[in-house]
Structures are given as C-alpha cells and as structure tokens.
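# Summary of the model geometry
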Amino acid sequence: MTTAETMRAISQDTHGTPDVLQETLLPKPAPGVSEILVAVHAAGVNPTDWWNRAQSMSVTQMPLVLGWDVSGVVEAVGLGVTLFKPGDEVFGMLPYPGGVGAHAEYVTAPARVFTHKPAGIDHVQAGALPLAALTAYQALVDTAGVRAGQRVLIHAAAGGVGHLAVQIAKARGAYVIGTASAAKHDFVRSLGADEVIDYHSVDFTEVLSDIDVVLDSISRDSAARARSVAVLRPGGTLVSILPVPIDPAELTAIAERGIRYEPLLVEADHGGMQAIAALVETGALRAHIEATFPLAEAAKAHALGETGRTTGKIVLTVRDGGNAQLAQQLMQDLFTRGDTAIVDRLLRPDYIQHNPLAPDGPDALKYFVATTRQQFPQVAFEPRRVISDGDLVLLHSRNVLVPGTPGVAAFDIFRFQDGKIAEHWDVLQEVPATTASGNDMFATLSEPRSEAFGQRWFTAYHKKLVTAFVDELLVGKDLAAIDTYVDTEYREHNPNIADGAAGLKAGLGSYFEQFPQLSVTPKRVIAQGDLVAVHSHYIDTPGERGRAVLDLFRVRDAKIVEHWNAEQEVPETAANDNTMF
C-alpha cells in the first residue's frame with residue numbers, strides 16, 4: 001500500500017524485454033525551486049520509452065523510471081511558482097531526455113513545462129498528447145513554418161506523432177499527404193488528410209513532387225532519406241525526428257539541391273503546450289487512443305507498442321480519473337466503439353433515465369445504443385468540454401450521426417452515486433446551417449482559449465454570479481442584467497443571437513416581447529473553474545410542455561464572456577415515467 005512518503009512507480013534495473021519493468025515503491029518527491037509536484041493521472045507511452053527500456057539511448061541512469069508525458073493535478077508548488085496552485089489540472093512533457101520519470105504516481109518538474117489541461121478532454125486524452133504533439137508542432141510550425149497552401153508529406157500518418165501532425169498541418173491550412181497502410185487510410189482521412197498513400201503498394205516518389213515540407217519519422221539511412229529529398233521542391237524542408245546520425249557529405253548533397261534538412265529533438269516547451277491546448281480547445285486537435293493500461297501493466301503497453309501495428313497513442317492510467325473521465329469513457333465506448341460492456345461496470349442497477357427515448361435501467365441503455373448504431377453505424381461522439389461539480393458531471397459534445405453533416409449539439413448530465421452512474425439527463429439540438437453570429441455551436445472564441453489563469457479558484461463565486469444573472473435576466477426578464485454581468489467582448493454560440501452585449505439584449509428583448517408570459521425554472525447549476533451550466537425548464541406560454549434548455553456560460557474577470565446552449569422540446573410521451581428535469 002502506498003504511504004504518504006512513498007509512491008508506486010514502474011522501474012527497471014537493467015535493459016531488456018518488457019519483463020524488466022517492475023512495479024516498485026519509491027520515495028515520493030518534493031518540488032524544488034520553480035518546480036511543481038504533480039499527482040499523475042495518465043501518462044503516454046512513446047517509442048522512446050520502449051527504445052530506452054531495451055537499450056541505453058537518450059537516458060543512461062539505472063534504476064530507471066521511464067515516461068515523459070504527464071497529465072495530472074498539481075499537489076504542491078515550489079518556491080517562486082506563480083503559474084499554478086494546488087488543485088490545478090495540468091499537462092506537459094518532462095524535459096527531454098533527462099527529465100524522465102512520468103510512469104509513477106507523482107513527478108516533479110519545472111512549472112513551465114506544463115500548461116493547464118483543456119477542460120474539454122480527460123486526463124487520458126491529455127496524457128497522450130505532450131511528447132508526440134510537441135514533436136509535430138515543433139517540426140511543422142517552429143522548424144518548417146508550415147503555412148496555408150503548402151504541400152506537406154507526413155510519413156507514418158497514423159502513428160503517434162503522425163496522426164497529430166496531420167491535424168496540426170491542416171489547422172495551418174496546408175494540403176496534407178500521408179503515408180499509411182491501406183487499412184488505416186480511412187482513419188488518416190478522418191483526421192483531415194487530403195491524400196493517403198499506401199506505402200506497401202505505391203512508391204511515393206513516383207506519384208509525388210513539389211512537396212514543401214516532409215515530416216520524416218521512418219528514414220534511418222541515407223537511401224531512405226534520399227526518397228523524401230527526391231519529392232521536395234527546391235527550397236523545401238525535410239524534418240527528421242529520428243535520432244540517427246547523418247554523414248556530412250550527405251548534408252552537403254542535400255543542401256546543394258536547395259533543400260533544408262533539420263534533425264529535430266523535441267524540447268519541453270511551455271509556449272508550445274499552450275499552442276497545443278488552444279488547438280484542443282478549438283476542436284482542431286485530438287489524440288486517438290489505441291489502448292489504455294493501468295500503471296501496473298506497463299509491460300503490456302510496451303509489448304503492444306513494439307508490434308508497430310498500433311494507431312495513435314497508448315496511455316497508462318495511473319489513478320482513478322474521477323467521475324468526469326468515467327462519463328466521457330462511457331460515451332466514447334458506447335457511441336464511438338459500440339462497446340456496451342462498460343454499462344455493467346459504470347451504471348447502477350436502478351439507473352434512472354430522463355432521455356424521453358430510452359427507458360430506465362442498464363439493459364435499456366444497451367438496447368438504445370445498439371439500435372442507434374444500427375441506424376447510424378458511423379456515429380461519432382466528439383467531446384468539447386466537461387465540468388464536474390459534486391456528484392454531477394456535465395459533458396458538452398458534438399455528436400455526428402452521419403459523416404459530413406453538422407451533427408447535434410449535446411449536453412449530457414450524469415449523477416454519480418457510490419462511484420456509479422445513478423441518473424442521466426440530456427439536451428440535444430440539431431446544428432443549423434447558419435447562425436446569427438457566424439460562430440459555430442462548439443468552438444471557444446474568448447481569450448485565452450484555455451482556462452484563464454486564476455479562474456479555477458473562483459468556482460463558487462462564478463456559480464453565484466451566473467445564478468444571479470439567470471435569476472435577474474431569464475427568470476425576472478430584466479434586460480439591465482446584461483449591462484451588469486456581460487462583458488463587452490461577449491461571444492455567442494446560440495444560433496439565433498448575435499455577438500456582444502447589444503446582440504444579446506436585442507435577441508432576448510425580442511424573445512421576451514414575443515412571449516410575455518415566459519417562465520424559466522432553473523433545475524440544477526453545475527460549475528467548475530470558469531464554466532457554469534444551468535439546466536432549466538423554459539415554458540413560452542402557460543399550459544405548454546415547454547423545452548429543456550442547457551445554458552453554459554464562461555466567466556472571466558467577474559464578467560460573462562461566452563455562452564453555449566442547446567434546447568429540446570419536451571415530447572408528449574416518453575419511454576420512461578420521468579420528466580426531462
């Protein structure tokens with residue numbers, strides 16, 4: 001059992017096969033000057049982990065605790081740290097290569113290798129990103145300067161670095177070509193790739209030319225590198241992320257062709273992590289998780305990674321990620337993977353359902369998911385933000401039933417009891433083709449795009465502020481509340497209301513005039529950090545069944561700066577005997 005002075009870690013005393021990895025107890029570290037102590041919730045496993053496990057490469061010390069990817073919660077801060085406080089959720093990459101040690105319950109590192117974890121992803125997602133995403137970002141953005149319209153070739157586009165690089169290049173406006181086995185082409189295209197080449201059956205040098213940037217994670221010798229050089233235009237850039245030597249004569253030959261060659265070793269980078277967090281917040285970047293293993297099964301994670309057949313990332317889960325992570329895992333397993341086994345693990349036998357289409361009970365949910373996936377076999381669940389407040393978890397997501405369609409804005413509320421889901425409410429709204437503001441219903445547009453520094457410590461204050469705002473504006477119909485509570489840079493995601501305090505005042509003023517007997521009854525308020533959600537029953541005209549509405553507000557510096565919502569009509573009949581509230 002772990003005591004206050006020790007922690008579980010995966011350590012090795014010698015190099016070798018995955019069997020050399022053993023769970024052990026080590027002293028729990030303490031943060032030094034400018035460092036933070038992070039309670040690790042999830043940690044990615046990368047090729048550099050199994051390479052360094054098998055032989056001495058970038059790290060040489062023994063005994064050795066591997067791992068550079070970290071997502072977790074700040075437990076303590078060292079002298080001089082101002083960026084974080086205990087309780088903050090953070091993610092980042094330990095200084096590479098010497099800062100190794102993430103495959104443990106706790107880790108210390110310089111504060112500035114971390115940034116705040118985006119609220120819309122869980123620790124598993126966040127733990128998958130740092131090393132691979134920083135590698136891709138530093139290669140494509142910092143080194144190659146990829147810009148809109150350029151042609152970018154990404155080798156191993158379904159791999160850990162590759163699948164993130166495709167998304168980053170697309171976010172920069174590039175035309176992206178990836179190499180991958182035929183079985184992974186649909187996956188790479190789903191990331192945004194414009195072309196995918198099967199490296200087993202097609203010689204990319206025969207079909208490509210005038211490439212601006214090549215991201216190379218596969219070439220270990222001059223002959224392999226020459227193939228990538230051959231497709232680059234004069235003035236193009238080849239970035240290699242493999243730690244292999246290159247002869248000076250080869251460098252000269254590449255330069256004489258007018259091509260820039262850059263070998264990259266990833267660096268811990270606070271600014272880079274902030275850029276990655278911003279991409280996550282806007283929905284432009286997401287890690288694909290091939291598999292997760294508990295910390296004690298790190299050897300199995302290494303063995304899987306070494307097969308070379310994985311897609312995306314492998315992650316170690318170090319401790320219970322909390323109710324928010326469980327809720328996201330439930331939705332991912334059910335609607336993305338079609339795996340209903342999680343229902344028996346996470347739902348109470350007396351589970352209560354407020355979705356009018358589904359009866360109560362775990363078996364009814366399994367049937368509902370099965371029929372939904374039968375009707376919509378390519379349904380996708382895309383979480384955007386999550387907040388947890390006591391026994392309640394709110395998930396805001398975009399659910400796409402048919403690829404290529406705008407999808408549905410969804411808010412799911414789960415109530416946990418004794419570690420299992422006891423109750424569920426949701427509000428679903430189809431995404432329209434156009435909006436009054438020009439904003440979509442999901443993006444984060446207010447600055448900063450990740451949770452603002454300091455906001456997370458004012459959850460109770462933000463909850464009180466938004467509750468007062470809803471009471472004055474929506475319950476009391478007092479438009480003057482907008483002047484009191486809403487920021488001048490207010491951004492609106494309701495498709496019928498324009499940005500700004502004036503847009504909100506005009507939209508709601510017209511609504512109040514149209515329905516003078518409107519009643520709004522808040523049912524529950526859920527808050528975490530700078531996000532506050534209000535689940536309400538709206539009745540436009542007395543006697544009507546009304547609508548279920550979920551309003552999600554973002555607060556910054558005591559003002560409401562952004563709003564998302566969804567609304568759904570209350571049907572005449574339901575599959576259960578419960579209301580939607």
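Attention here is on the structure that accompanies the text.

Below, the discussion takes up the packing of helix α14 (residues 459–475) against helix α16 (residues 500–514). At a closest axis distance of 11 Å, the pairing of α14 and α16 adopts a crossing angle of 50°. Our classification of the angle between α14 and α16 gives oblique. On α16, the residues touching F469, L473 and L474 of α14 are L504, L508 and F512. Tallied by class, residues from the contact of α14 with α16 come to six nonpolar, no polar and no charged.

Our focus in this paragraph is the sheet that holds strand β20 (residues 408–417). Read from one edge of the open sheet, five strands run β17-β21-β20-β19-β18, paired in mixed fashion. Taken across any chain shown, the strands that pair with only one partner, and hence form the sheet edges, are β17 (347–353) and β18 (380–389). For this sheet, the mean angle separating the axes of adjacent strands, direction not counted, is 25°. Taken together, the eight bridges between strand β19 (residues 392–400) and β20 define a ladder with antiparallel strand orientation. Counterpart to H396 in the pairing with β20 is F411.

Taken in spatial order, the six strands line up as β11-β10-β9-β12-β13-β14 in an open sheet, and their pairing is parallel. Two strands in the sheet have a free side with no partner beyond their single neighbour: β11 (195–198) and β14 (260–263). Looking at each pair of strands side by side, their axes are set apart by 15° on average, direction ignored. Most of the contacts of helix α4 (residues 160–171) go to strand β9 (residues 151–154), to which it runs at about 170°, and overall it touches β9, β10 (175–180) and β12 (211–216). Sitting on the sheet, helix α7 (residues 222–231) touches β9, β12, β13 (232–240) and β14, and the angle it makes with β13 is about 140°.

What follows concerns the nonpolar core. Inside soluble globular proteins, nonpolar side chains tend to come together where they are buried. Counting 87 residues, the largest nonpolar core has W68, F114, L129, L140, I154 and L215 as the members making the most contacts within it. When residues in this core are grouped by element, the largest group, nine residues, is from helix α3 (residues 130–143). Each residue touching I154, except ones within four places of it in the same chain, is listed here: G162, A165, V166, A169, V176, I177, G178, T179 and L215. Counting 27 residues, the second largest nonpolar core, distinct from the first, contains F512, V534, Y538 and F553.

Enumeration over the complete set of coordinates arrives at 25 salt bridges. For E382, the salt bridge identified is with R384, shortest N-O distance 3.3 Å.

Procedures and definitions
- Residues numbered from 1 in each chain as written.
- Predicted model: local features only at pLDDT ≥ 70, side-chain atom pairs only at ≥ 80, totals over all residues.
- Heavy atoms only, no water.
- Axes fitted to C-alpha atoms, helices over the stretch in contact; angles between N-to-C directions.
- Helix = DSSP H or I, 4+ residues; strand = E, 2+ residues; numbered from the N terminus.
- Parallel < 35°, antiparallel > 145°, perpendicular 65-115°, else oblique.
- Contact = heavy atoms within 4.5 Å.
- Nonpolar A, V, L, I, M, F, W, Y, C, P; charged D, E, K, R; others polar.
- Pairing = 2+ DSSP bridges.
- Core = buried A, V, L, I, M, F, W, Y, C linked by side-chain atoms within 4.5 Å.
- Buried < 20%, exposed > 50% of the residue type's maximum accessible area, 1.4 Å probe, protein only.
- Salt bridge = Lys/Arg side-chain N within 4 Å of Asp/Glu carboxyl O.

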